[in-house]
Amino acid sequence: MKSMKRTCLEAISSKLFKGKAIIIYGPRQCGKTTLVNQLIEKLSLDAVKLNGDDDLDAALFETVTMSRWQQILGSKKFVFIDEGQKIKNIGRGVKLLVDSRPDIQVIVTGSSSFELATKTEEPLTGRKFEYHLYPLTFAELANHFGFLEERKKLELRLIYGSYPEVVTHEDSMKEILKLISESYLYRDLFQYEGIRKPQLLEKLLKALALQCGSEVSTNELSSLLGVSRTLVDSYLKLLVQAFIVFPLNSYSTNLRNELKKSCKYYFWDNGIRNSILNDFTPIVQRNDVGALWENYLVSERLKKNSYASTDELSYFWRTTDQMEVDYLEVCGTKVEAYEFKWNAEKKSRVSRAFTNRYPDAVVKTITPDNYDEFLD
């Protein structure tokens, strides 16, 4: 099977050899290494490859000097450092190379935005371009498999998600997902400083999976889990920085009955959510299809917008009397509202409530009949 072309490939290619390092963030197994290798192959680059998971490679940065870099590089002009968050002095080592040899291109990938960003932020200020890579998007999959074929796989995506190895091995999707979620996901999280209660982290993930598409109260979570709200907040932050979940805040223009500080959490990948719950039941037998559909559409839309570098801000909308809109995009004074309906014949309950407050907003309903227009 031919390699899958990623949306951000051309954007990253255009920034090569501009005298700055390129940092690519994203969860493990989302295709960061494959993406950089595609760049190397596409441009026929002679590259030095280092890996933060390799103790010997990581040790090179403990006493890195320019003379050591010259030994490592030889005549090569491209350095690829994979899993850079594992390397203690990654920021200082890359800064030394970027400052001394602007003709050298450095690309660093990392599965932890918290650790890698912390280690590179100050040393590489003004010396880097940053990108995020996510599990595969609808557009990438449609480009690879064909538009019509990808539409036929919608129910598979709702259950098993869109990690590269999952979508290319349909005969073992469940096993691959469990490996990703149990081995890679938890392993990275448990290596964070401050993770004192691994079992709490697992319970928190399951609680978020069960509340997917619903408002999340950290007070309720702290009560449910029997720990302080401060600890819940810190663990939620880590889950966001590890690219497992992301928050969606409520939209308000200070009308009295609008929720102003509410938040929902979604998973970047449906398959990870279902793997955490160990629930791969077919769509026709599930009672959480609405939550799966909403999680899929919101995560796919945010991936799409991230790659396109759009200016829209994303929200949901709800009032104290439970009138709601699933998803909003706001850009300046322009507001677009989206209702997500798995059953295309089911009528929206709240569009009128919203449009009475925001008469200039554009309101659309997204169903399996037209979702490709929302995501492509």
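Up top is the structure these notes are about.
This text gives an overview of the structure that appears in the document. These numbers were taken from a predicted model, which means no experiment stands behind them.

Some remarks on the sheet that holds strand E3 (residues 78–82)
Point 1. Sheet architecture is open: five strands sit in the order E2-E3-E4-E1-E5, paired in parallel fashion. Whereas interior strands pair on both sides, the edge strands pair on one side only; in this sheet they are strand E2 (47–51) and strand E5 (128–132). Here the strands of the sheet are splayed against their neighbours by 15° on average, with no regard to which way each runs.
Point 2. Two strands pair when backbone bridges link them, and E2 and E3 are joined in this way by five bridges, in the parallel orientation. In the strand pairing of E3, Leu-50 is matched with Ile-81.
Point 3. Packed onto the sheet, helix H2 (residues 32–42) meets strand E1 (21–25), E2, E3 and strand E4 (105–110) and runs at close to 170° relative to E3.

Notes on the pattern of salt bridges
If the charged atoms of two oppositely charged side chains come close together, the side chains can form a pair.
Point 1. A full pass over the atoms with the stated rule returns 26 salt bridges.
Point 2. With a shortest N-O distance of 2.4 Å, Asp-372 and Arg-151 are connected by a salt bridge. Taken as a pair, Asp-372 in helix H18 (residues 371–375) and Arg-151 in helix H8 (residues 147–152) lie far apart in primary sequence, 221 residues in all.
Point 3. Residue classification places Arg-151 among the partly exposed residues on the basis of a relative accessible area of 25%.

Some details on the packing of aromatic side chains
Point 1. Within this structure, the stated rule accounts for 21 aromatic pairs.
Point 2. Between the aromatic rings of Tyr-160 and Phe-280, the centroid separation amounts to 5.4 Å while the plane-to-plane angle is 5°, which identifies the pairing as stacked. Taken together, the residues span a long stretch of sequence, with Tyr-160 in helix H9 (residues 154–160) and Phe-280 in the loop between helix H15 (270–277) and helix H16 (289–308) at a distance of 120 residues.
Point 3. With a relative accessible area of 13%, Tyr-160 lands in the buried category.
Point 4. Clustering of aromatic rings is evident, with ring pairs tying together Phe-138, Phe-147, Trp-293, Tyr-296, Trp-342 and Tyr-371.
Point 5. Over the ring of Phe-129 we find Lys-15, and its NZ or CZ is 5.0 Å from the ring centre.

Cut-offs and rules
- Residues numbered from 1 in each chain as written.
- Predicted model: local features only at pLDDT ≥ 70, side-chain atom pairs only at ≥ 80, totals over all residues.
- Heavy atoms only, no water.
- Pairing = 2+ DSSP bridges.
- Helix = DSSP H or I, 4+ residues; strand = E, 2+ residues; numbered from the N terminus.
- Axes fitted to C-alpha atoms, helices over the stretch in contact; angles between N-to-C directions.
- Contact = heavy atoms within 4.5 Å.
- Salt bridge = Lys/Arg side-chain N within 4 Å of Asp/Glu carboxyl O.
- Buried < 20%, exposed > 50% of the residue type's maximum accessible area, 1.4 Å probe, protein only.
- Phe/Tyr/Trp six-rings, centres within 6.5 Å; stacked < 30°, edge-to-face > 60°.
- Lys NZ or Arg CZ within 6 Å of the ring centre and 35° of its normal.

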